[in-house]
Amino acid sequence: MRAGGDAPVTVAHLTAPTDHRAQMIEDVRHGLTAYRKHLASKYFYDARGSELFDEITRLPEYYLTSAETEILAERADSIMAEVQPDELIELGSGSSDKTRMLIESMQRNSSGRRYVPLDISEEALRSAALRLCDDYTWLEVEGLVGDYVPDLGKIRRRGRRLIVFLGSTIGNYVPTLRHSLLRSVAAALEPGDAFLLGLDLVKDEETMIAAYDDSPGVSAEFNKNILHVINRELGGDIPVDAFEHVTRFDRELSCMSQSLRASRDVVANIRALDLAVTFVAGEEIHTEVSCKFSRIQVEREFDAAGMRLTHWYTDNGDRFAVAIGSLQTPP
Ligand SMILES: C[S@@+](CC[C@H](N)C(=O)[O-])C[C@H]1O[C@@H](n2cnc3c(N)ncnc32)[C@H](O)[C@@H]1O
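Residues numbered from 1 in each chain as written. Predicted model: local features only at pLDDT ≥ 70, side-chain atom pairs only at ≥ 80, totals over all residues.

**Topic: the sheet that holds strand β11 (residues 284-291)**
Piece 1. Pairing in this open sheet of 3 strands is antiparallel, and the strands run β7-β8-β11 from one edge to the other. On the outer flanks of this sheet lie β7 (243-250) and β11, each paired with one strand and no other. Ignoring strand direction, the axes of neighbouring strands in this sheet form an average angle of 20 degrees.
Piece 2. The pairing of strand β8 (residues 255-262) with β11 spans 7 bridges and is classified as antiparallel. (Pairing = 2+ DSSP bridges. Helix = DSSP H or I, 4+ residues; strand = E, 2+ residues; numbered from the N terminus. Axes fitted to C-alpha atoms, helices over the stretch in contact; angles between N-to-C directions.)

Structural data, given as structure tokens:
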């Protein structure tokens, strides 16, 4: 594929679409037959889910994006000057909007020209890749459609790496899964590479709840989109309007927790699973956690995964942090 610019854009699948569907069938069956029903947040993101997420990032209540933007705008040049990456690999890249600050800084620092966005949403990935290619004719964009949990290790190395994971997406993983994900990141690094991680920080509950329960109802629509995805992809007839968006702060896990609560008794059929699922009024399907962090916790989690925290930058309001890590050096 070639857009208006000179450099090529390629978009390849790391996971075959049939494998993705088989995994989805297994995950949804497991989640909807569990004692406490749950669905994996990666299934929010079809084309509509990605659009809704972008809409959320533009809401004034969703402070995460503006706070992370503030940090990257101030720090991108010094980070790029220090790491001097040949390639920028981004996990869960979405619109790649904030990444533009890093890409532009990569050019100012005359380091690499290769950008590898990896996302589960093919539509979001393709449109972002084309826009980038139009705007940065010098940039080589190698888009990868896949799941960064099993697929990160499949990315071909082309020199010194900066792996980027923005938007506090790491917070969508509970501690044990986060540990495995951070270990996969460490396994994809070599000495001299770096990892840049965006993290939402613990703060007052009111501010956090407003970010996940905005008054125009975009977060609610985003949450319910997971049911539309299941209905379409797996031949389901879940009545989406019978579910309401619920968000609360879980102090024990230090995370916002999102779920969908049945407002009445429901029986739904999912053809691809050959399954009838029942919900009693008030029952919830857990859909997402958005964990919140502190510096000490990130230091510990990097350390447990074989990395060390080298830099910690926050916005002026101390709402959000960008952490830089690298491999631990042997003693
Ligand atoms: C919270 S959004 C963040 C988007 C963007 N990085 C930002 O900071 O605005 C999460 C992104 O990760 C992608 N995603 C979610 N789970 C994924 C997975 N398991 N593998 C790959 N991409 C995933 C979604 O499609 C979405 O683009």
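Alright, that's what it looks like, and here's the rest.
**Regarding unusual backbone geometry**
Piece 1. The phi angle at serine 96 is positive, at roughly 60 degrees, despite the residue not being glycine.
Piece 2. Residue placement: serine 96 occurs in the loop between β2 (87-91) and α4 (99-108).
Piece 3. Despite not being glycine, serine 168 has its phi angle at roughly 60 degrees, a positive value.
Piece 4. Residue placement: serine 168 occurs in the loop between β5 (161-165) and α7 (175-187).

**Section: the site of the ligand**
Piece 1. Surveying the vicinity of the ligand reveals 19 residues, the closest of which are Lys42, Tyr45, Gly92, Gly94 and Gly167.
Piece 2. Breaking the shell around the ligand down by element, the ones donating at least two residues are α2 (47-57) and α6 (148-151).
Piece 3. With 3 residues, the top contributor of residues to the shell around the ligand is α2.
Piece 4. Among the residues forming the shell around the ligand, the class breakdown is 7 nonpolar, 8 polar and 4 charged.
Piece 5. For the shell around the ligand, the two domains that each supply at least three residues are domain 1 (9-15 + 58-204 + 294-326) and domain 2 (40-57 + 208-291). (Near = placed C-beta within 6 Å. Nonpolar A, V, L, I, M, F, W, Y, C, P; charged D, E, K, R; others polar. Domains from an automatic or database assignment.)

**A word on the nonpolar core**
Piece 1. Leu88, Leu102, Ile163, Val164, Leu196 and Leu199 are the most contacted members of the largest nonpolar core, which totals 63 residues.
Piece 2. If you tally residues by element for this core, the top one is helix α3 (residues 63-83), at 8 residues.
Piece 3. When residues of this core are sorted by domain, at least three fall in each of domain 1 (9-15 + 58-204 + 294-326) and domain 2 (40-57 + 208-291).
Piece 4. In terms of nonpolar packing, the next biggest core, distinct from the first, is built from 23 residues, Tyr45, Ile120, Val277 and Phe279 among them. (Core = buried A, V, L, I, M, F, W, Y, C linked by C-beta atoms within 7 Å. Buried ≥ 20, exposed ≤ 12 C-beta atoms within 10 Å, placed from the backbone.)

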